[in-house]
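Overview (structure and organization)
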Amino acid sequence: MTHVLILGGTTEASALATALAERGVPATLSYAGRVASPKPQPVAVRVGGFGGVAGLVEWLREAQATHLVDATHPFAAQMSANAVSAATLAGVPHIALSRPGWVEEDGDRWIRVADIPAAVAALAGPPRDVMLALGRMHVAAFAAQPQHGYLLRFVDIPSAPVALPDYRLVVDRGPFTVTGDVALLRENAIDLIVCKDAGGTGAQAKLIAARSLGVPVVMIDRPPLPQWLEVHDVAAVLAWIGHAADRGV
């Protein structure tokens, strides 16, 4: 019997879970546990890490998983590397469901940097109002540039103090609209946005808003990921799974 493990946390993972559920294909959607209240799903859900490669291998074997789909965030490089290693060791076919990166367009004012430390360094200089569109994991690194006022947008209220001397917090869940993000940037007099090249449409509104207002964007490039089979839509994953996904189980 087919059993698909989806490493999730993205809209693509949720879309795949829905498609498999509609076809009657057993699946488990795994979250890393960084969001306090993830959206309900039509398949079995697990939350938390596996305990590295060895733990993921053990889970795949005990659950009798037949397919592994890595639909994690494009910046979850360690999890993707672990997925490749574990699937190989467990003998489970694996594939990546990822969203293409964003492409700079006319009117964009992007400053491309390699990683978080480079983004922090790019903020050297006089005080500005900066939107950190990064999620909460990397915010503390920007305390090295305390002269700025920071705008943060999180899915949940943080459980610990934010390590920035001057910040404003918006708690909201995407997808966001261009109209809403234009208003957000204007209301907070944002001079600069820092974000990761996450791709997709759910978080793209801020880039379109920045383009319309002439706001520069420090764009953090994606980390190198393992070389393995990669597709960009749910239909391609269903085709890869094969007849089990076509007929249901």
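Now for a description of the structure that goes with this document. (Residues numbered from 1 in each chain as written. Predicted model: local features only at pLDDT ≥ 70, side-chain atom pairs only at ≥ 80, totals over all residues. Heavy atoms only, no water.)

Focus on the nonpolar core
Ranked by internal contacts, the top residues of the largest apolar core, which has 21 residues, are Val4, Ile6, Leu16, Leu20 and Leu97. Breaking this core down by element, the ones donating at least two residues are strand 1 (4–7), helix 1 (11–22), strand 2 (27–31), strand 5 (94–97) and helix 7 (234–241). Looking at this core, the element that brings in the most residues is helix 1, giving 5 residues. If you look at the next biggest cluster of nonpolar residues, it comprises 20 residues, including Leu123, Phe142, Leu152 and Val194. (Core = buried A, V, L, I, M, F, W, Y, C linked by side-chain atoms within 4.5 Å. Buried < 20%, exposed > 50% of the residue type's maximum accessible area, 1.4 Å probe, protein only. Helix = DSSP H or I, 4+ residues; strand = E, 2+ residues; numbered from the N terminus.)

Thoughts on the packing of helix 5 (residues 178–187) against helix 6 (residues 205–213)
Their axes nearest at 8 Å, the elements helix 5 and helix 6 cross at an angle of 60°. Here helix 6 runs oblique to helix 5, going by the angle between their axes. Between helix 5 and helix 6 the crossing geometry is right-handed. Only Ala205, Lys206, Ile208, Ala209, Ala210, Ser212 and Leu213 of helix 6 make contact with helix 5, whose side of the interface consists of Val178, Asp181, Val182, Leu185 and Arg186. Residues that form the contact of helix 5 with helix 6 fall into these classes: 8 nonpolar, 1 polar and 3 charged. (Axes fitted to C-alpha atoms, helices over the stretch in contact; angles between N-to-C directions. Parallel < 35°, antiparallel > 145°, perpendicular 65-115°, else oblique. Left-handed = near helix turned anticlockwise from the far one by under 90°. Contact = heavy atoms within 4.5 Å. Nonpolar A, V, L, I, M, F, W, Y, C, P; charged D, E, K, R; others polar.)

Considerations on the pattern of salt bridges
Evaluated as defined, the whole model comprises 6 salt bridges. Residues Arg211 and Glu105 are paired through a salt bridge, measuring 3.5 Å at the closest nitrogen-oxygen approach. With Arg211 in helix 6 and Glu105 in the loop between strand 5 and strand 6 (110–113), the pair connects residues that are 106 residues apart, well separated along the chain. Classification of Glu105 as partly exposed rests on a relative accessible area of 42%. Residues Asp221 and Arg112 are paired through a salt bridge, measuring 2.5 Å at the closest nitrogen-oxygen approach. Of this pair, Asp221 sits in the loop between strand 11 (217–220) and strand 12 (230–231) while Arg112 sits in strand 6, and the two are 109 residues apart along the sequence. Within the structure, one salt-bridge network assembled from shared partners comprises Glu105, Asp108 and Arg211. (Salt bridge = Lys/Arg side-chain N within 4 Å of Asp/Glu carboxyl O.)

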